[in-house]
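# Coordinate inspection notes
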Amino acid sequence: MRVTQLLLLLLATLAASPADADTRFRFPAVDPDGELFMAVPIVHMDHDPKPDPTGTTCENYKGDGLPWCYDGHDGTDYLLMWGFSTMDKFDVQVVAAADGEVALAEDGNYDRCHETSGFKVTCDGHPIKANQVSVRHADGLLSRYVHLKKGSVKVKVGDKVVCGQLLGYVGSSGNSARPHLHFEVEDAAGKTLDPYAGKNTQPTSYWVSQTPDSYGKPAARCQGAGARTAAWTGARTHGRPCPWGATPAAPATRTCP
Ligand SMILES: [Zn+2]
């Protein structure tokens, strides 16, 4: 009986302090000098429940409207600077935003879908189907990475991935007007949630570090990166890669992303 009570107490304590165990995300792509993705606009999730036939009425996490969202958008879009020319010139890396297991991996679809008249998307006669990856995290959250380049998906269902691990490259497959990454988070029940903290969402951010500026590009730092850095500092001097497969930062900073 006493053991049972202790166990219950322990469980209650764990349940009361979930914050550290909850998944927090890094920026889900690699943009070292901030030159591959547009800072303005980042197109956020719409929290205005009213449907709008013109597609223009929306409210993002902090109450801003167009162009910071569009009607019914259920994720965050990070747009490639210069569109298709950047997509063709570079393999812009999409990476796991946190540790987890691959739950969905689709590839082989046409990746040059684009906008046509009246805000419609065409895939030039190909099916409007996205190349995409989904990752399930330890606490049940699911992160989704959509519109990837054809032939770029690097993982398969069941693979364990670590934060910062390459999943694929930015493309314009599926319902995509221009090359961009659509990043979306779902809770364990499959309900879409907005990782940004704000007046229309929740007080706590699901990003490791949500930038306070008006644009909303979060930091590219993995959850627990500080602890990992401390554990790895010595070993890095031997010139090996980071233990979780990522590329170490410049030697001066001696950190693993
Ligand atoms: Zn989107």
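Let me begin by describing the structure that accompanies this report. Please read all numbers here as calculations on a predicted model, not as lab measurements.

### Things to note about the pairing of strand S3 (residues 100–106)
Here two bridges tie S3 to strand S8 (residues 160–161), and the two strands are oriented antiparallel to one another. Note on S8: the bridge partner recorded for Gly100 is Val161. One ladder, built from five bridges, connects S3 with strand S6 (residues 132–136); its direction is antiparallel. Paired with Ala105 across the two strands is Val133, which belongs to S6.

### Notes on the environment of Met81
Its location among the elements puts Met81 in the loop between strand S1 (76–79) and helix H2 (84–89). Overall, Met81 belongs to the partly exposed group, with 15 C-beta atoms counted inside 10 Å. Sequence-wise, Met81 and Val40 are 41 residues apart; in three dimensions their C-alpha atoms are separated by 9.8 Å. For Met81, the residues in contact, after removing those within four places along its chain, are Glu35, Leu36, Phe37, Met38 and Thr86.

### What to know about the environment of Glu59
With respect to the helices, strands and loops of the structure, Glu59 is situated in the loop between helix H1 (2–16) and S1. Of the residues examined, Glu59 has 22 C-beta atoms within 10 Å and is grouped as buried. The sequence separation of Glu59 and Pro49 amounts to 10 residues, and the corresponding C-alpha distance is 9.0 Å. Apart from the residues lying within four places of it in its own chain, the contact partners of Glu59 are Asp46, His47, Asp48, Gly65, Cys69 and Asn200.

Conventions adopted
Per chain, residue numbering runs from 1 following the sequence as it is written. Reporting in this predicted model follows two pLDDT cut-offs: at least 70 for local features of residues, and 80 or more for side-chain atom pairs to be given and counted; totals over whole chains, interfaces and linings ignore these cut-offs and use all residues. Two strands make a pair as long as DSSP finds a minimum of two bridges between them. Strands are runs of DSSP state E lasting at least two residues, helices are runs of H or I lasting at least four, and both sets are numbered from the N terminus onward. Any residue whose C-beta has 12 or fewer other C-beta atoms within 10 Å is treated as exposed, any with 20 or more as buried, and any in between as partly exposed, C-beta atoms being built from the backbone. Any pair of residues counts as being in contact when their C-beta atoms, constructed from backbone geometry, are within 7 Å of one another.

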